[in-house]
Amino acid sequence: MNLDQLNQVAVAMVAPGKGILAADESTGTIKKRFDSINVESTEENRRDYREFMFRTETAMRDHISGVILFEETLKQKAADGTPLAKIIEDMGSIPGIKVDKGAKDMHAFPGEKVTEGLDGLRERLAEYYELGARFAKWRAVIDISRGGDRTMPTYGNLKANMHALGRYAALCQEANIVPIVEPEVLMDGDHDIDRCYEVTATGLKMLFQELFDQRVALEGTILKPNMVIAGKKCDRQAGTEEIAEKTVKCFRETVPAAVPGIVFLSGGQSEAEASQNLNTMNAAYKEQMPWGLSFSYGRALQASALKAWSGKVENVPAAQAAFSHRARMNGLAQLGTWSEAAEKAA
Ligand code: 13P
């Protein structure tokens, strides 16, 4: 393990004004996205879709520090034969790879899931490094009970997921790959913001205990959490100031200062909400945060671009413009200089 190299990559992932594009939708998820625009999910369509994003100069050079890829994309070549990972590198951005095998039902805790994919991971990581990946991602999914019931998440479910994240992170660092550790507390459901706070804080404390127990170097690790936010079906939706205040407070209580960066998932927030909330945190609390605070959005970077593209080559310029706009808005949010006026001036 080369800790200097890991730290350099981690720091570059949260460079000022930049963040991560999560383009690592699994085969099932990308099919859902393509269904929404009536495009068939063929290997070629998936390639064309991702290729136009990676070739969007203004977005990639100025605002996208790294791209999380699905294995297929890491091994895929552009229409002209250039490996897609090379296109990303040529834009000054870092290729990364989703390595988990998805969240599976956990028999002992009905309704809860644990993420699988540790078997054979050491060998896969060595291969991904050869293919150019310098960071990886593993997503754990934590669900909160509905209707005020406090059963979920169970301790056993949190423990199993955080333990797997620790094992994954240690294997990544052995292979000189920066682990993004992603314990996602879902925003599905009707819980309020304070319940999200409680679950997120408990999960993060357990996660960092696991990382410590398994000798993971925090200087070479990136955290990818949810924001502290009310469930989508909660009657009381918190405003951006409350989300920012509670999210930053939660991280200050739980995330060690040695972690170079925290990059959010968007988790179902709209594109503008995801930018605004990140902006509010960086605008109001930058001096109180020892880590870089940025984005690693999937839907909140791609939704408009996906719609503009709709599977047609003649729409690529419009789709690239939409992607550029979202990349710039989130870049501004990383600096704390996003505004509604900039948002509207598409
Ligand atoms: P969303 O931003 O669409 O939540 O996706 C980010 C991600 O990588 C989830 O694992």
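Check the entry above for the structure.
Residues numbered from 1 in each chain as written. Predicted model: local features only at pLDDT ≥ 70, side-chain atom pairs only at ≥ 80, totals over all residues. Heavy atoms only, no water.

## Re the pattern of salt bridges
So, point 1. Overall, the coordinates contain 28 salt bridges when judged by the stated rule.
So, point 2. Here D48 makes a salt bridge to R47, at a shortest N to O gap of 2.9 Å.
So, point 3. In this structure D48 comes out as partly exposed when scored by relative accessible area, which is 27%.
So, point 4. Overall, the relative accessible area of 14% leaves R47 in the buried class.
So, point 5. With a shortest N-O distance of 3.6 Å, K75 and E71 are connected by a salt bridge.
So, point 6. It is possible to trace a salt-bridge network through shared partners that takes in R47, D48, E51, R55 and D80. (Salt bridge = Lys/Arg side-chain N within 4 Å of Asp/Glu carboxyl O. Buried < 20%, exposed > 50% of the residue type's maximum accessible area, 1.4 Å probe, protein only.)

## Looking at the site of the ligand
So, point 1. In the vicinity of the ligand lie 13 residues, with K137, K224, S266, G267 and R299 positioned nearest.
So, point 2. E182 places a side-chain nitrogen or oxygen 3.0 Å from an oxygen atom of the ligand.
So, point 3. Within the side chain of S266, one N or O atom sits 2.4 Å away from an oxygen atom of the ligand.
So, point 4. Bound to the protein, the ligand loses 91% of the 300 Å² it would expose on its own.
So, point 5. Of the residues contributing to the shell around the ligand, the split by class is three nonpolar, four polar and six charged. (Near = heavy atom within 4 Å. Polar contact = N/O pair within 3.5 Å; in protein donor to acceptor, adjacent residues only side chain to side chain. Areas by Shrake-Rupley, 256 points an atom, 1.4 Å probe, with all protein chains shown as cover. Nonpolar A, V, L, I, M, F, W, Y, C, P; charged D, E, K, R; others polar.)

## Quick word on the sheet that holds strand 6 (residues 135-142)
So, point 1. Spatially, eight strands are ordered 1-2-3-6-7-8-9-10 in a closed barrel, and the strand pairing comes out parallel.
So, point 2. Relative to strand 3 (residues 94-98), strand 2 (residues 64-69) runs parallel, the two being bridged by four bridges. Note on strand 3: the bridge partner recorded for V67 is P95.
So, point 3. On the sheet, helix 13 (residues 316-335) packs against strand 1 (19-23), strand 2 and strand 10 (292-297) and is oriented at approximately 160° with respect to strand 10. (Pairing = 2+ DSSP bridges. Helix = DSSP H or I, 4+ residues; strand = E, 2+ residues; numbered from the N terminus. Contact = heavy atoms within 4.5 Å. Axes fitted to C-alpha atoms, helices over the stretch in contact; angles between N-to-C directions.)

## Some points on the packing of aromatic side chains
So, point 1. All told, the structure shown has nine aromatic pairs when counted by the stated rule.
So, point 2. An angle of 80° between the planes, with centres 6.3 Å apart, marks the rings of F251 and W291 as edge-to-face. A residue pair is termed long-range when its members are at least 10 positions apart, and F251 in helix 10 (residues 240-254) and W291 in the loop between helix 11 (271-285) and strand 10 qualify at 40 residues.
So, point 3. Judged by relative accessible area, which is 1%, F251 ranks as buried.
So, point 4. Its relative accessible area of 4% is what places W291 among the buried residues.
So, point 5. Taken together, the aromatic side chains of F34, Y49, F52 and W309 make up a single cluster linked through ring pairs.
So, point 6. The ring centre of Y129 lies 3.7 Å from the NZ or CZ of R134, which sits over that ring. (Phe/Tyr/Trp six-rings, centres within 6.5 Å; stacked < 30°, edge-to-face > 60°. Lys NZ or Arg CZ within 6 Å of the ring centre and 35° of its normal.)

## Structural notes on the side chain of Q334
So, point 1. Looking at where Q334 falls in the secondary structure, it is placed in helix 13.
So, point 2. Discounting chain neighbours no more than four positions away, the residues touching Q334 are A15, P16, G17, K18, L278, N282, K286, L293 and S294.

## Concerning the nonpolar core
So, point 1. Grouped together as the largest cluster of nonpolar side chains are 99 residues, with contacts concentrated most on F54 and Y168.
So, point 2. Here this core gets ten residues from one element, more than from any other, and that element is helix 9 (residues 193-213).
So, point 3. Sequence-distant contacts of Y168, that is, excluding residues within four places in its chain, are made with V99, L118, L121, A136, K137, W138, P179, I180 and V181. (Core = buried A, V, L, I, M, F, W, Y, C linked by side-chain atoms within 4.5 Å.)

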